[in-house]
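Observations on the three-dimensional arrangement
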Amino acid sequence: IFVITPWQMVSAQYSSVSVRVHCIIEGINLPNRNNFPSGKKMGELQFITIDSGQKLRQRYYFSCLRNMIKRNIMKSKKISIDEIGTILLEKSSRAGNINISIRPFRGIRVAVPEGVSFARAIKVVESKTWWIDKHLKKIKKLEQNCINLPENSIEIDKIKAKNRLINRLNTLADRHGFTFNRVFIRNQKTRWGSCSGKNNINLNIKLVLLPQKLLDYIILHELVHTCVKDHSKKFWLELDKFVGDSKKIDSEVNKFNILLFR
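Residues numbered from 1 in each chain as written. Predicted model: local features only at pLDDT ≥ 70, side-chain atom pairs only at ≥ 80, totals over all residues. Heavy atoms only, no water.

Where helix α4 (residues 158-176) contacts helix α5 (residues 212-224), the axes come no closer than 10 Å and their chain directions differ by 60°. Classified by the angle their axes make, α4 and α5 are oblique. You can see that α4 and α5 cross each other, and the crossing is right-handed. Here Arg164, Leu165, Arg168, Leu169, Leu172, Ala173 and His176 of α4 come into contact with α5, specifically with Gln212, Leu215, Asp216, Ile219, Leu220 and Leu223. (Axes fitted to C-alpha atoms, helices over the stretch in contact; angles between N-to-C directions. Helix = DSSP H or I, 4+ residues; strand = E, 2+ residues; numbered from the N terminus. Parallel < 35°, antiparallel > 145°, perpendicular 65-115°, else oblique. Left-handed = near helix turned anticlockwise from the far one by under 90°. Contact = heavy atoms within 4.5 Å.)

Taken as a whole and assessed by the stated rule, the structure comprises 2 aromatic pairs. Between Phe235 and Trp236, the ring centres sit 5.2 Å apart and the planes meet at 80°, which makes this aromatic pair edge-to-face. Here Phe235 matches Trp236 in class, with each residue buried. Sitting above the plane of the Trp236 ring, Lys247 keeps its charged end 5.0 Å from the centroid. (Phe/Tyr/Trp six-rings, centres within 6.5 Å; stacked < 30°, edge-to-face > 60°. Buried < 20%, exposed > 50% of the residue type's maximum accessible area, 1.4 Å probe, protein only. Lys NZ or Arg CZ within 6 Å of the ring centre and 35° of its normal.)

At their nearest, the axes of α5 and helix α7 (residues 246-254) sit 10 Å apart, and the two run at 115° to each other. Read as a crossing pair, α5 and α7 show a hand that is left-handed. In this structure, α5 uses Lys213, Leu214, Tyr217, Ile218 and His221 to contact α7, whose residues at the interface are Ser246, Ile249, Asp250, Glu252 and Val253. In the contact of α5 with α7, the residues fall into 5 nonpolar, 2 polar and 3 charged. (Nonpolar A, V, L, I, M, F, W, Y, C, P; charged D, E, K, R; others polar.)

Spatial strand order, β6-β7-β9-β8: 4 strands in an open sheet with mixed pairing. Two strands bound the open sheet, and with one partner strand each, they are β6 (76-81) and β8 (99-103). Strand after strand, the sheet turns through a mean of 25° between neighbouring axes, direction not considered. When β8 meets strand β9 (residues 107-113), the two strands line up antiparallel, connected through 5 bridges. Looking across to β9, one finds that Asn99 is bridged to Ala111. (Pairing = 2+ DSSP bridges.)

What follows covers the sheet that holds strand β11 (residues 193-195). Taken in spatial order, the 3 strands make up an open sheet running β10-β12-β11, and their pairing is mixed. Each of the sheet's edge strands pairs with one partner strand only, and the pair in question is β10 (183-186) and β11. Taking the axes of each pair of neighbouring strands and ignoring which way they run, one obtains an average angle of 15° across the sheet. As judged from the 3 bridges shared by β11 and strand β12 (residues 201-204), these two strands associate in the antiparallel manner. Bridging from a neighbouring strand, Ser194 pairs with Asn202 of β12.

Both faces of β12 are covered, namely the face carrying Ile201 and Leu203 and the face carrying Asn202 and Asn204. Two elements, β10 and β12, share 4 bridges in a ladder whose sense is parallel. Residue pairing for β12: Arg186 is matched across the bridge by Asn204. If you look at the hairpin formed by β11 and β12, you'll find 5 residues sitting between the two strands, and Asn199 has a positive phi there, around 65°.

Right, let's talk about the confidence of the model for the chain for a bit. Low-confidence regions, as indicated by low pLDDT, have predicted coordinates that should not be scrutinised in detail. For the chain, per-residue confidence averages 76 on the pLDDT scale, and 68% of positions sit at 70 or higher. Confidence drops under pLDDT 50 across residues 1-57; counting only partners more than four residues distant or on other chains, this segment forms 98 contacts. (pLDDT = per-residue confidence, 0-100.)

Among the structural elements, Asn200 can be located in the loop between β11 and β12. Reaching out from Asn200, the side chain makes a polar contact with the side chain of Asn181 at a distance of 2.9 Å. Not counting the four nearest positions on each side in its chain, Asn200 is found in contact with Asn181, Arg182, Phe184, Ser194 and Cys195. (Polar contact = N/O pair within 3.5 Å; in protein donor to acceptor, adjacent residues only side chain to side chain.)

Let us look at the pattern of salt bridges. Any two side chains of opposite charge can pair, on the condition that their charged atoms come close. Scanning the model with the defined rule gives 5 salt bridges in all. Between Asp216 and Arg168 there is a salt bridge whose closest N-O contact spans 2.7 Å. Note that Asp216 is positioned in helix α5 and Arg168 in helix α4, a separation of 48 residues in sequence. Asp216 gets classed as buried once you look at its relative accessible area, which sits at 13%. On the accessibility criterion, Arg168 (22% relative accessible area) is partly exposed. (Salt bridge = Lys/Arg side-chain N within 4 Å of Asp/Glu carboxyl O.)

Here we take up helix α2 (residues 118-127). For α2, the full list of buried residues reads Phe118, Ala121, Ile122, Val124 and Val125. On an axial view of α2, the arc spanned by its buried residues comes to 160°, and they lie on one face. (Arc of directions from axis to C-beta.)

Structure (structure tokens):
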């Protein structure tokens, strides 16, 4: 994957030896020596200079290079396990532990904390193949249900969808006496809507795929959050005033969560 080209050949003594790594993945090229001095950084790559007065050996040279690649470049890796298929391992600065997640249409991802090797992560994955296989079957079933939906049921005219959602939000807010700050329509992958501490409301553009009753429920859910920020008992009682049995309707929405991943 990597082509190693020293600007000066390594030998017993040199005043300095600069090492350049050309990343040829997807045809990415780095600037030449004249345009980018050694010792500085560009993106995920670092140009290193080995100081004078050292007797350099090739194994030391490649050791420095190997460590640089591990530290700055090897951020992800794909592996294949017979029982479960392809798995993406990715370094994550936010992960505290090795975390395995399976998402519809996105496959299996393993978040690997900084400082933990991919080899260690692979061992954890191999020890959890039974768990992965169990949940993978459930996800595949959900994917199939979504695939079987009529094609026109998952096509969205973005302009019409935004206008419809904003108009419905304003109508329900006026009808029930709610006020909010700003509204944003986004194509989110994990939630139908949200309300910020500043009462900015975010709505998922895919809400237009839901039955009208459920669309209104999501909008009212977020409008109630302008008054009650958490999901306490008080929140659900307040929401019940506008939609009836909110917990029951919430469970109906969950049946459509697979659409979030399309």
